[in-house]
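Each chain, written out:
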Amino acid sequence: MKKRAWLWLLCFCLLFTYGAGVACGNTEKEPIDEENPPMEETVYTPQNIREKPSAKDDILIGSYVSLAEVKAGLSNREQIERLADGGLNFFPLASCITSKGMINDGERLRRDLSSVDWWKRIDDVMKDNNMLYYFSTKTGLSNDGGEAARGAGETASADAVKAAKEVVPQLDNCIGYMLKDEPSYTEFDSLASYAKQYAKVKEGLYAHVNHFPIVVGYSGDYYSFLKGWITRAGAQNIEYLGHDAYPFMAGGNAYTFLSLMEDMRKLAVENNLKLACFPQSCAWNGTRMPTHDEIVWSMNAYLAHGFSMFTYFNYSMYPHEGCYDAIFDLQGNMLHRELYDSLTQYHLKLRAMGANCNFSSLRSRAVYYTGNTIHAGTKRLPAGWYVDNGELNKKTDLILSYLSDDGQENEYIMVVNNSYSKEVQNQKFTIGKRGEDYAKWELYDMENGTFSQINEEGAFTLSLGKSEAALIKISK
């Protein structure tokens, strides 16, 4: 009897084991590779974004003129650290860094813009501060007071390309080359030939040209002016299309920069390029010092158009063009501590958002405006879009854009308060005909890096501070 009971028990166990195997066979876990365990995806916030190693596909935020004049005697290391503390992760004019604080007493190292040793010293300092930078053999618009720099010369030259070939492959945080600032159309052919040469130095690194906000040496429109550069250089040999345009004038604001960024947006979509700009943060002849809300307004407008590289002009004053105000003066003194602190928090939010949403991979496919004033070169929000026009055109000044990556795996709507003087309170947005296929409308939280669904019964409500932007992920 005991033997028979034991056999029944054995059969039951075998049947149970077989049944469990059949039921769970499709969910059997792969053995864990203890040497290479799966990594959890990091959610970045303003509090932890500094821990992320800066990468060329991040939102990049830097300053053009960044250092005090050399006769002030300040350490470059300490000044660069102060910029990094301010939330900046990009130093485009690294060639302007002088020897003070970079070379220890007794060292044989010299400031030589064609020297591997000098650029490795710069690379080390940048890595210490989690900053990226451009290579150049030109000192540029700097405050170096004429300090001697060996190997200095024009970047559009055979010697500069030769130096890049010897130096750049040995650098870690260098992400490209500063080729030219504001060239005339007549220079495009020559510069394009050098852009192609630089593109061959190190895979994935390209030369950057910053363009005028007007056509120079050309009789056509701005779109055609910039397209001429892309055609000559080849979209495959450049990464960013960049320009500078300054809205905060002494006699009132120049809103033409909104239409200029629209031309650039179109070209970025057509050629799959990233976009770069120069937010105004100082004052010189004919301009004025902007406020925090004004700077954020201009940068958020650029974000809506798909821009992901921001180089302030400038964090530091410079001894030309009657420059009379900036966050730092020529001697390196902090003139606007409150602005520095408020922009720091804004920068960290932007960088975290850029990392969480892979923002630099997005292209702005359409941009529209609401409100009573539609500036020349911009378009009013049409009926039936992702967000319907409804009462928006009459009540509130907004910028709305649709952004997506090439595969449309990630789609976003950005809403910007197009006012740096008025808040938007409890504004209702009706989802338009084009947006009806999207079941999820999730608002990105700039503080904690997460998304939460906001749509209900075909609508959602937003409140926006002065100049504030809201990023909404849409999915079907």
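Above this text is the structure in question.
Residues numbered from 1 in each chain as written. Predicted model: local features only at pLDDT ≥ 70, side-chain atom pairs only at ≥ 80, totals over all residues. Heavy atoms only, no water.

Q: Mind showing me how you'd approach the overall build of the protein chain here?
A: Within the protein chain one finds 10 helices and 18 strands. Principal axes of the C-alpha set define a box for the protein chain whose edges measure 105 × 65 × 45 Å. With 476 residues in all, the protein chain has 53% of them scored as buried. Contacts spanning at least 24 positions in sequence make up 74% of the contacts within the protein chain whose residues lie at least 6 apart. On the protein chain, roughly 22000 Å² of surface is accessible, and the fraction owed to carbon and sulfur atoms is 48%. A distance of 3 Å separates the average location of the 48 positive side-chain charges in the protein chain from that of its 61 negative side-chain charges. (Helix = DSSP H or I, 4+ residues; strand = E, 2+ residues; numbered from the N terminus. Buried < 20%, exposed > 50% of the residue type's maximum accessible area, 1.4 Å probe, protein only. Contact = heavy atoms within 4.5 Å. Areas by Shrake-Rupley, 256 points an atom, 1.4 Å probe, with all protein chains shown as cover. Lys, Arg positive; Asp, Glu negative; His and termini not counted. Charge placed at Lys NZ, Arg CZ, Asp CG, Glu CD.)

Q: Sorry, what's going on with the pairing of strand E18 (residues 469-475) here?
A: The two faces of the sheet receive side chains in turn, since in a regular strand these alternate between them. Of all seven residues making up E18, five are buried, and the element is well covered by its neighbours. Pairing of strand E13 (residues 411-417) with E18, which is carried by six bridges, proceeds in the antiparallel orientation. Bridging from a neighbouring strand, Ile-413 pairs with Ile-472 of E18. Here four bridges tie strand E15 (residues 440-444) to E18, and the two strands are oriented antiparallel to one another. Bridged to Lys-440 within E18 is Ser-475. (Pairing = 2+ DSSP bridges.)

Q: Quick question: what am I supposed to make of the side chain of Ser-63 here?
A: As for its placement among the helices and strands, Ser-63 is situated in strand E1 (residues 60-63). Of the polar contacts made by the side chain of Ser-63, one reaches the backbone nitrogen of Tyr-315; its length is 3.0 Å. Sequence-distant contacts of Ser-63, defined by excluding residues within four places in its chain, comprise Leu-88, Phe-90, Pro-92, Thr-311, Tyr-312, Asn-314 and Tyr-315. (Polar contact = N/O pair within 3.5 Å; in protein donor to acceptor, adjacent residues only side chain to side chain.)

Q: Help me understand the state of the cysteines, please; the structure alone is not making it clear to me.
A: Linking two cysteines covalently through their sulfur atoms gives a disulfide. With the rule as written, the count across this model stands at zero disulfides. We note that Cys-96 lacks a disulfide partner, and the nearest cysteine sulfur, in Cys-174, lies 14 Å from it. Counting only cysteine sulfurs, Cys-282 is the nearest neighbor of Cys-323, a cysteine outside any disulfide, at a range of 4.5 Å. Note on Cys-323: relative accessible area 12%, which makes it buried. (Disulfide = S-S within 2.5 Å.)

Q: Got a minute to help me understand helix H9 (residues 337-357) in this structure?
A: Counting along an α-helix, one turn takes 3.6 residues, and residues three or four places apart therefore face a common direction. With 21 residues, H9 extends 30 Å from end C-alpha to end C-alpha; this agrees with the ideal 30 Å at 1.5 Å per step. Of the residues flanking the end of H9, it is Asn-358, one or two places downstream, whose phi is positive at about 50 degrees. (Expected span 1.5 Å × (residues − 1).)

Q: Please explain the environment of Pro-92 as it appears in this structure.
A: Tracing the sequence through the fold places Pro-92 in the loop between strand E2 (90-91) and helix H3 (116-128). Residue Pro-92 is classed as buried on the basis of its relative accessible area of 2%. Not counting residues within four places of it along the chain, the set of residues in contact with Pro-92 comprises Ser-63, Tyr-134, Met-178 and Thr-311.

Q: Explanation requested: the side chain of Thr-344 in the structure shown.
A: Mapped onto the elements of the fold, Thr-344 is located in helix H9. Given a relative accessible area of 5%, Thr-344 falls into the buried group. Of note is the side chain of Thr-344, whose polar atom sits 3.4 Å from the backbone oxygen of Gly-86.

Q: Hey, could you run me through helix H4 (residues 158-167) in this one?
A: When we look at burial in H4, the residues that qualify are Ala-160, Val-161, Ala-163, Ala-164 and Val-167. Buried residues of H4 fall within an arc of 160 degrees about the axis and therefore sit on the same side. Looking at H4, the residues exposed on the side facing more than 90 degrees away from the buried face are Ala-158, Asp-159, Lys-162 and Lys-165. Next to the buried residues of H4 lie H3, strand E3 (132-135), strand E4 (174-181) and helix H5 (188-199). (Arc of directions from axis to C-beta.)

Q: Is there a simple way to explain the packing of H4 against H5 in this structure?
A: Geometry of a packed helix pair, given as the angle between the helix axes and the separation of the axes. Contact geometry for H4 and H5: axes closest at 10 Å, N-to-C directions at 15 degrees. In terms of axis orientation, H4 runs roughly parallel to H5. For the pair H4 and H5, the sense of crossing is right-handed. Facing H4, whose interface residues are Ala-158, Ala-160, Val-161 and Ala-164, H5 presents Tyr-194, Gln-197 and Tyr-198. (Axes fitted to C-alpha atoms, helices over the stretch in contact; angles between N-to-C directions. Parallel < 35°, antiparallel > 145°, perpendicular 65-115°, else oblique. Left-handed = near helix turned anticlockwise from the far one by under 90°.)

Nothing here speaks to function; it is all geometry.
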